[in-house]
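Residue-level structure breakdown
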Amino acid sequence: MKNIAVIGSGTMGNGIAHVFAQNGFNVALIDVNPTALEKAIATIQKNLDRQVSKGVLNDEQRETALGNIKTYAQLSEGVVQADLVVEAATENVDIKLNIFKELDKVCPPHTVLASNTSSISITKIGAATNRPDKVIGMHFMNPVPVMKLIEVIRGYATSDQVTNEIMELSRSLEKEPVEVNDYPGFVANRILMPMINEAIYTLYEGVAGVSEIDTVMKLGMAHPMGPLQLADFIGLDVCLSILRVLYEGFGNPKYAPCPLLINMVQAGYKGVKSGEGFYKHTPGSKEIIVSSQFKK
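Each residue is numbered by its place in its chain's sequence as written, counting from 1. For a predicted model such as this one, the threshold for reporting local features is a pLDDT of at least 70, and the threshold for listing and counting side-chain atom pairs is 80 or more; totals across whole chains, interfaces and linings nevertheless cover every residue. Computation of side-chain values covers all heavy atoms of the structure but excludes hydrogens and water.

Per an unreviewed UniProt entry, the recorded name for the protein chain is 3-hydroxybutyryl-CoA dehydrogenase, and the organism is Belliella filtrata. Among the UniProt annotations of the protein chain, the heading Sequence similarities (unreviewed entry) holds the following wording: "Belongs to the 3-hydroxyacyl-CoA dehydrogenase family." UniProt positions are given in the numbering used here, feature names are shortened, and annotations may be inferred rather than shown by experiment.

1. Regarding the pattern of salt bridges
Two side chains that carry opposite charge are able to pair once their charged atoms sit near each other. A pair is scored as a salt bridge if a Lys or Arg side-chain nitrogen falls within 4 Å of a carboxyl oxygen belonging to Asp or Glu. By the definition in use, this model includes 11 salt bridges. Between Arg154 and Asp160 there is a salt bridge whose closest N-O contact spans 2.7 Å.

2. Quick word on the side chain of Asp182
Relative to the elements of secondary structure, Asp182 occurs in the loop between strand S8 (176–181) and helix H8 (188–204). Remark: exposure states derive from per-residue accessible area (1.4 Å probe, protein chains only) relative to the maximum for the residue type, with buried under 20%, exposed over 50%, and partly exposed in between. Counted charges follow a simple rule, with Lys and Arg positive, Asp and Glu negative, and His plus the chain ends left uncounted. Buried within the structure, Asp182 lacks any salt-bridge partner; its nearest side chain of opposite charge belongs to Arg154, at an N-O separation of 9.9 Å. Throughout this description, a polar contact denotes any pair of N or O atoms lying within 3.5 Å of each other; where both atoms belong to protein, one of them has to be capable of donating a hydrogen while the other can accept it, and for residues adjacent in sequence the pair is counted only when both atoms sit in side chains. Only 3.0 Å separates the side chain of Asp182 from the side chain of Ser121, close enough to count as a polar contact. A polar contact of 2.7 Å, which involves the side chain of Asp182, links it to the side chain of Thr123. Helix and strand definitions here come from DSSP, where helices need a minimum of 4 consecutive H or I residues and strands a minimum of 2 consecutive E residues; each element is numbered from the N-terminal end.

3. What about the UniProt feature "domain: 3-hydroxyacyl-CoA dehydrogenase NAD binding" (unreviewed entry) in the protein chain?
Residues annotated in UniProt with the feature "domain: 3-hydroxyacyl-CoA dehydrogenase NAD binding" (unreviewed entry) correspond here to residues 3–182. Helix makes up 43% of residues 3–182 and strand 22%, and the two end C-alpha atoms of the span are 26 Å apart.

4. A look at the environment of Lys134
You can see Lys134 is positioned in the loop between helix H6 (122–127) and strand S6 (135–140). The contacts of Lys134, once residues within four sequence positions are left out, are Pro109, His110, Thr111, Val112, Leu113 and Val162. By definition, residues are in contact when any of their heavy atoms lie within 4.5 Å.

5. Points about helix H10 (residues 227–234)
Residues of H10 that are buried: Pro227, Leu228, Ala231 and Asp232. Viewed end-on, H10 has its buried residues packed into an arc of 145 degrees, placing them on one side of the element. On its buried face, H10 sits against H8, helix H9 (210–221), helix H11 (236–250) and strand S9 (279–281). Backbone geometry just downstream of H10 places Gly235 in the positive-phi region, at approximately 110 degrees. An arc is given here, and it is the one of the directions from the helix axis to the C-beta atoms.

6. A short note on the environment of Asp237
Looking at where Asp237 falls in the secondary structure, it is placed in helix H11. Classification of Asp237 by relative accessible area gives partly exposed; the value is 23%. Taking the C-alpha atoms as reference points, Asp237 and Glu91, separated by 146 residues in sequence, lie 9.4 Å from one another.

7. Some details on the UniProt feature "domain: 3-hydroxyacyl-CoA dehydrogenase C-terminal" (unreviewed entry) in the protein chain
Per the UniProt record, the feature "domain: 3-hydroxyacyl-CoA dehydrogenase C-terminal" (unreviewed entry) sits at residues 185–280. Across residues 185–280, helical content stands at 62% and strand content at 2%; the span's end C-alpha atoms are separated by 28 Å.

8. Some points on the sheet that holds strand S3 (residues 69–72)
An order of S3-S2-S1-S4-S5-S6-S7-S8 is seen for the eight strands of this open sheet, with the pairing classed as mixed. Looking along the sheet, the strands with just one partner apiece sit at the ends: S3 and S8. Neighbour-to-neighbour, the strand axes of the sheet open up by a mean angle of 25 degrees, direction not taken into account. Note: strand S1 (residues 3–7) against strand S2 (residues 26–30), five bridges, orientation parallel. Across the sheet, Asn3 pairs through a bridge with Asn26, a residue of S2. Whenever a helix is involved, its axis is fitted only over the stretch in contact; in every case the axis is a line through C-alpha atoms, and angles between N-to-C directions fall within 0 to 180 degrees. Against the sheet, helix H2 (residues 34–53) contacts S2 and S3, and its axis sits at roughly 165 degrees relative to S3. When DSSP locates at least two bridges between a pair of strands, those strands are taken to pair.

9. A word on the pairing of strand S7 (residues 149–154)
With five of six residues buried, S7 lies mostly within the body of the structure. Of the strand pairs in this sheet, S6 and S7 are connected by five bridges, and their pairing is antiparallel. Within S7, the residue paired with Gly137 across the bridge is Ile153. By convention, a crossover is right-handed whenever its connection, traced from the first strand over the helix to the second and viewed with the strands pointing away, goes clockwise. The β-α-β motif built from S7, the intervening helix H7 (residues 160–172) and the parallel element S8 has right-handed crossover chirality.

10. Looking at the packing of aromatic side chains
Note on aromatic contacts: the rings of Phe and Tyr and the six-membered ring of Trp form a pair at centre separations within 6.5 Å, being stacked when their planes are under 30 degrees apart, edge-to-face when over 60 apart, and tilted otherwise. Applying the stated rule across the entire model yields five aromatic pairs. Note on Phe20 and Phe25: the rings are 5.3 Å apart at their centroids and 90 degrees apart in plane angle, and the pair reads as edge-to-face. On the basis of relative accessibility, which here comes to 8%, the residue Phe25 falls in the buried class. Ring geometry for Tyr201 versus Tyr204: centroids 6.1 Å apart, planes at 70 degrees, classification edge-to-face. Taken together, the residues span about one helical turn, with Tyr201 and Tyr204 both in helix H8 at a distance of three residues. Here, over-ring charges are defined by two tests on the NZ atom of lysine or the CZ atom of arginine: distance to the ring centre within 6 Å, and angle to the ring normal within 35 degrees. Positioned above the aromatic ring of Phe25 is the side chain of Lys2, whose terminal nitrogen or guanidinium carbon lies 5.9 Å from the ring centre.

Here it is as structure tokens:
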């Protein structure tokens, strides 16, 4: 695998493109929005500059990585030579199914189709194609250039050969792949999201405030970031979407999203991406303050 196509140029997509390009792969970054593509390239360049300033890369390596990325606004143009496609679009099952149906039509027969989904069934996605044996999950962690883990999710029909290829490919990115089976939430979010949801319930029921809950988990459990701050960072809409997948997939009320989370998302409070969730977030600043909604 030498030619990689990445669909979606948002936070995850540009991070995935960055990592592949940095490690010598030819990358086609695809997004229907030209402005989003321009923003993605600017973000990648800024992150590469940061790596140079820290001594992780030199100037020549930075320029080579940038040169490895080409942008496309048309899906069919970007995937025509792809050995692997990594889909990093919105966490919406209908959107993903439509993308994979189209990919199955326009990609070469040998192309492996991967999804960066954090919760949606790889088996279901694979069943939308005529190559379910070549459909797999590659769940990167955010921020992609920094985090080492990749959850490699094999669907019911994913072949051993494709699984082994993706595990080896992930190692070539200097990542640590972990193979998991296709059940709702996989491993990371099956464990993480109920914890975040319980933290939101703890706030909702008035047990403690935002900063108090996060402080307990940081100082008491050695978490680098409290669950409410982490929820803001992930995106409260994404957390809600994953919890709904868990709830529907298992039919267990313990996965039911907290009413407070539902209300916040409906009101547009989505965390970092909207500027406010449990905390207020100022672009370009690391300082965060508790949202006025939750101040005593």
